[in-house]
Amino acid sequence: GGDRDGNPQVTPEVTRQALAIQTDAVLHVLEAETERIARTATLDAATTPPSAELRRSLAADATASPEVYDAAAASSPGEPHRCKLLLVAARIAATRRRDADLAYRDPSALLADLHLVQHSLATAGATRVAYGELAALRWQVETFGFHLAELEVRQHSRVHRAALTELLAQLPHLREPARAAQDADLLDRLVRFGWPEAVEPDADATRDVLDTLRVLAVLQQRWGERACGRYVVSFSHTAADLVAVPALAAAALAGTPLRLRVVPLFETGADLANAVAALDAWIDLPSTARWLDEHGRRLEVMLGYSDSAKDVGPVSATLVLYDTQAALVDWARSRRIELTLFHGRGGSLGRGGGPVNRAILAQPPGSVTGRFKVTEQGEVIAARYGNSVLARRHLEQVTAAVLRHGTDEVADRNADAARTYAPVAATLNRAACDAYRALVETPGFADWFAAVSPLEELADLRIGSRPARRPGGGERDLGELRAIPWVFAWAQSRVNLPGWYGL
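Residues numbered from 1 in each chain as written. Predicted model: local features only at pLDDT ≥ 70, side-chain atom pairs only at ≥ 80, totals over all residues. Heavy atoms only, no water.

### Notes on unusual backbone geometry
Reasoning step 1: Phi at Leu148 is positive, roughly 75°, even though this residue is not glycine.
Reasoning step 2: Topologically, Leu148 is positioned in the loop between α7 (133-144) and β1 (152-156).
Reasoning step 3: Accessibility expressed as a relative area gives 34% for Leu148, which makes it partly exposed.
Reasoning step 4: Backbone geometry at Phe235 places phi at a positive 50°, although glycine is not the residue there.
Reasoning step 5: Mapped onto the secondary structure, Phe235 falls in the loop between β2 (230-234) and α12 (239-253).
Reasoning step 6: Residue class for Phe235 comes out buried when judged on its relative accessible area of 11%. (Helix = DSSP H or I, 4+ residues; strand = E, 2+ residues; numbered from the N terminus. Buried < 20%, exposed > 50% of the residue type's maximum accessible area, 1.4 Å probe, protein only.)

Structure (structure tokens):
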């Protein structure tokens, strides 16, 4: 529902439907859990007296929703805590049904009611009830809100450039709209001051981009910023690729509020090496500087493992990813930014896969600092989370690695290793990259690869999250071929080249 990078099936309507499914699912669970806890909370007012705040809240409920209150009170005579929890369950059900008169405005309003009951129980001495299942219910609401999981929209920078080029061409004073679409200063002024004239899309792709931003605004208004607050820009090259998102939002929304955290995704070897320069230029734009201050100077940067390995080979990708992270840590410290690195890892070695806990412990010093975000790809979800025991064990290992990474022992070991083996790494990088690029740039290689592997057959299977190639690439264009069919076609041929070639 969020990742539309090259997938024509992920439309604004699909995004809206996806979040509707998620909200319905989580509200069903919260309603059932609240009602179950309410049915067991048979605490008499004489032995467990309600707090004054709880009594006032019940009186307000009786006035605001007399029929609902009467039904809850009738099934809970002399049991005010149970009555309140039944009213809470009824309001969660109303939120799911979109009944505006009874629905909760947002998760914080639900949390306030749960805290009210919890505090009343604890004050009356029923601490086991207050801090048992009721506390777990509060944690669920704090974790999942009304949206269950955040939809992170992802789109290719090329799509944004094409949309901006079409819209900018409608401004009479611009003679070169394609060049203007890559002018970060111009786009920054559009963000701050708005578009000088109304612009309307003609191309379906441009309309899709604008409608997506409009849908996000509607979803945020209903379910909160956490429901869909991040926008990942695939193949980020320059500051213009990042300020393009709020510039397009300014054209689409005309003042309607939309709070988005733009997340740059650096994927190729060259883009990873240039990441600090691109970010520097981006945060120096006045609109970005204001946005950073509004978000507590917190920034998320995504690193692409799959496409970097496909671009320069697995050895050089590993080394450039390490160097990029180290450079980003120093940059964030110098610019007073709280940085979270988002690792776009896959399941196979050729896509950055492997034991996640070991990968975390190998990151450069200062690159984790208690915050670690990683993609879990489809092919490893069943392996890591299909069994609850394995899922818990995996999460324990990841958590332990995140906590251990900040210790002096791990930081010193990684820093010493990077310093000691820097000359060896440089030699490996040159030799491995040269060997890898010599292979994939051999004349006729793409045709040969398609002939000796089931590449075309994989593209026809209905098992992928999106098309095998990005739009605009030819049938034999390896640059536009996605990393997933690249890796899996080799694997089906029993040649695990993406994980070792060049080493």
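Picking up where we left off.
### Description of the packing of helix α14 (residues 275-283) against helix α17 (residues 314-334)
Reasoning step 1: α17 packs onto α14 with a crossing angle of 30° between their chain directions and a minimal axis gap of 9 Å. Accordingly, the angle class assigned to the pair α14 and α17 is roughly parallel. Remark: the crossing between α14 and α17 carries right-handed chirality. Facing Ala275, Val276, Leu279, Asp280 and Ile283 of α14, the residues of α17 in contact are Thr324, Ala327, Leu328 and Trp331.
Reasoning step 2: Of the residues assigned to the contact of α14 with α17, the class counts are 7 nonpolar, 1 polar and 1 charged. (Axes fitted to C-alpha atoms, helices over the stretch in contact; angles between N-to-C directions. Parallel < 35°, antiparallel > 145°, perpendicular 65-115°, else oblique. Left-handed = near helix turned anticlockwise from the far one by under 90°. Contact = heavy atoms within 4.5 Å. Nonpolar A, V, L, I, M, F, W, Y, C, P; charged D, E, K, R; others polar.)

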